[in-house]
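Coordinates in review
The lines below spell out each chain.
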Amino acid sequence: MPKILLPSGVEICYETFGSSTEPTLLLIHGLGSQLLLWEEGFCDILADQGLHVIRYDQRDSGLSSEMQTEYELLDMASDAAELLDQLSVEKAHIAGMSLGGMVAQIFAFEYPEKTSSLTSMASNTGKRGFGIPKGKALDALLAPAPIDPQERALKDLSDRRIWASTDWHDDAYCLKIFERYAERTNKSNEAKERQMRAMNSTGNREEALMKINTPTLVLHGSADTLVDPSGGQRTAEVIPGAKFVMVEGWGHDLPPGSWPKITNEIIQHVKNAEKANS
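Residues numbered from 1 in each chain as written. Predicted model: local features only at pLDDT ≥ 70, side-chain atom pairs only at ≥ 80, totals over all residues. Heavy atoms only, no water.

Relative to the elements of secondary structure, Asp60 occurs in the loop between β4 (52-56) and α2 (73-86). The exposure class assigned to Asp60 is buried, which follows from its relative accessible area of 3%. Among the polar contacts listed, one links the side chain of Asp60 to the side chain of Tyr71, at a separation of 2.7 Å. Filtering out sequence-adjacent residues up to four positions away, Asp60 remains in contact with Ser65, Glu66, Met67, Tyr71, Lys187, Ala191, Arg194 and Gln195. (Helix = DSSP H or I, 4+ residues; strand = E, 2+ residues; numbered from the N terminus. Buried < 20%, exposed > 50% of the residue type's maximum accessible area, 1.4 Å probe, protein only. Polar contact = N/O pair within 3.5 Å; in protein donor to acceptor, adjacent residues only side chain to side chain. Contact = heavy atoms within 4.5 Å.)

As C-alpha cells, this is what we get:
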C-alpha cells in the first residue's frame, strides 16, 4: 500500500478503490484499529456504486507514523484534510466509526469547505453519560495488548466478543482478521494510549457539533456495548438536521453480515448529498 508524507511530517498509509473521477468517500477507523477495519469487500461495494473510496491508517495506527509527542483529535482531523490535499481531492464525503466518528465530526466542523457530507458511526459527542463504555467493555478497552502477535490477536477476539453484533459475529472469521492486524504492524501500547488521551482531552464537542451544517447521517447498532446507542442518539440530536438510523443487532464491529444495511445507508446518504449540492 502506498504511503504519503503530509506537510505536518506525519506519514500516512492509504489505499483507494474506484475511479478518482467519482465522488470521494473518506473512511476513518477507530481507536487502536487500522484501515483493515474497512475490509476490501466493504470498500468494493461502495466503489461499485460509483464512489471513489479512500481508507487510511490514522497516526499511531497500522503502517502510518508512530508519534513521539501528544496531540489532539483536531490534529487527526488535520491529517485527513492534508491527505485529501495531497491526493488532489478538493471535497469529500467523510465517514468515521467510533474514534473515527469523532475525528469525522471535527473534520466537518473545521473544514466545511472540504465536506460534502458526514456519516458518524458508533460514536458519541463527548458529553458525559452518553455512549460511554462501562463494565467489562471498559475493562477490555483499557487492558494493554500483549506483545506476542498471536496473543494480541486472541485478546482482540476476546474483546470483540464483548461488543460484537448479535447475529453476524463469527469467531474464526474475526480471528483471521485480527491475525492480519497483528502481522501487519507492531505498534506499541503507547500509540493506542496517545489516541485515547487525544480523545479524552478533547472532551465535550457539542458546541462545535451544533454548528455543523453539512448533510449528516448517524448510524448506531442496538447491540453496541462499547459505545452504547445513547451516543448515536445524542449525536443526531445535537447536529442540526441529522438523520439517525438504529441498526438492529449491530454491535461495535463491522462484520460482513452488516454490510448490506450499512453500505446502503451510506450510499443513499451520499447520493442525496450529491443531489443537494449539485
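Next, the rest of the story.
We now examine the packing of aromatic side chains. Considering all chains together, one arrives at 4 aromatic pairs under this definition. Here the aromatic rings of Phe178 and Tyr181 are separated by 5.7 Å at their centres, their planes lie at 85 degrees, and the arrangement is edge-to-face. Of the two residues, Phe178 and Tyr181 both sit in helix α6 (residues 171-184), 3 residues apart, roughly one turn of that helix. Like Tyr181, Phe178 is buried. An aromatic cluster of three or more residues is present, and its members are Trp38, Phe42 and Trp259. One Lys or Arg, Arg59, reaches over the ring of Tyr71 and ends 4.8 Å from the middle of that ring. Here the basic side chain of Arg234 rests over the ring of Phe130, its NZ or CZ set 5.2 Å away from the ring centre. (Phe/Tyr/Trp six-rings, centres within 6.5 Å; stacked < 30°, edge-to-face > 60°. Lys NZ or Arg CZ within 6 Å of the ring centre and 35° of its normal.)

This part covers empty space enclosed by the protein. Scanning the entire structure with this criterion turns up 1 cavity of 30 Å³ or more. What the largest cavity holds in volume is close to 140 Å³. Among the elements that make up the lining of the largest cavity, the one with the highest residue count is α6 (5 residues). (1 Å grid on protein atoms, 1.4 Å probe; cavity = no way out; pocket = protein on both sides within 12 Å on 5 of 7 lines; lining within 4 Å. Points joined across faces, edges and corners; volume = space filled by probe spheres on them.)

Note on placement: Glu82 falls in helix α2. We note that Glu82 is buried and unpaired, the nearest opposite charge coming from Arg59 at a distance of 7.1 Å. Once residues within four sequence positions are removed from consideration, Glu82 is found in contact with Leu6, Pro7 and Ser8. (Lys, Arg positive; Asp, Glu negative; His and termini not counted. Salt bridge = Lys/Arg side-chain N within 4 Å of Asp/Glu carboxyl O.)

A word on the sheet that holds β4. If you walk across this open sheet you meet the 8 strands as β1-β2-β4-β3-β5-β6-β7-β8, and the pairing is mixed. Looking along the sheet, the strands with just one partner apiece sit at the ends: β1 (3-5) and β8 (243-247). Put simply, the sheet's adjacent strands are angled 25 degrees from each other on average, direction ignored. Inspection of the sheet shows strand β7 (residues 216-221) paired to β8 by 5 bridges, in the parallel sense. Bridging across to β8, Leu217 finds its partner in Lys243. Packing against the sheet, α2 makes contact with β1, β2 (11-17), β3 (24-28), β4 and β5 (92-97), and its axis sits at approximately 135 degrees to β4. In the packing of helix α10 (residues 259-277) onto the sheet, the strands contacted are β3, β5, β6 (115-121), β7 and β8, and the crossing angle to β6 comes to about 155 degrees. (Pairing = 2+ DSSP bridges. Axes fitted to C-alpha atoms, helices over the stretch in contact; angles between N-to-C directions.)

Let us now look at the environment of Gly101. For Gly101, the position within the fold is in helix α3 (residues 99-110). According to the relative accessible area criterion, Gly101 is buried, its value standing at 0%. Separated by 13 residues in the primary sequence, Gly101 and Ser88 have C-alpha atoms spaced 23 Å apart. The contacts of Gly101, once residues within four sequence positions are left out, are Gly96, Ser120 and Ser123.

The quantities given are spatial measurements derived from coordinates; they are silent on function.
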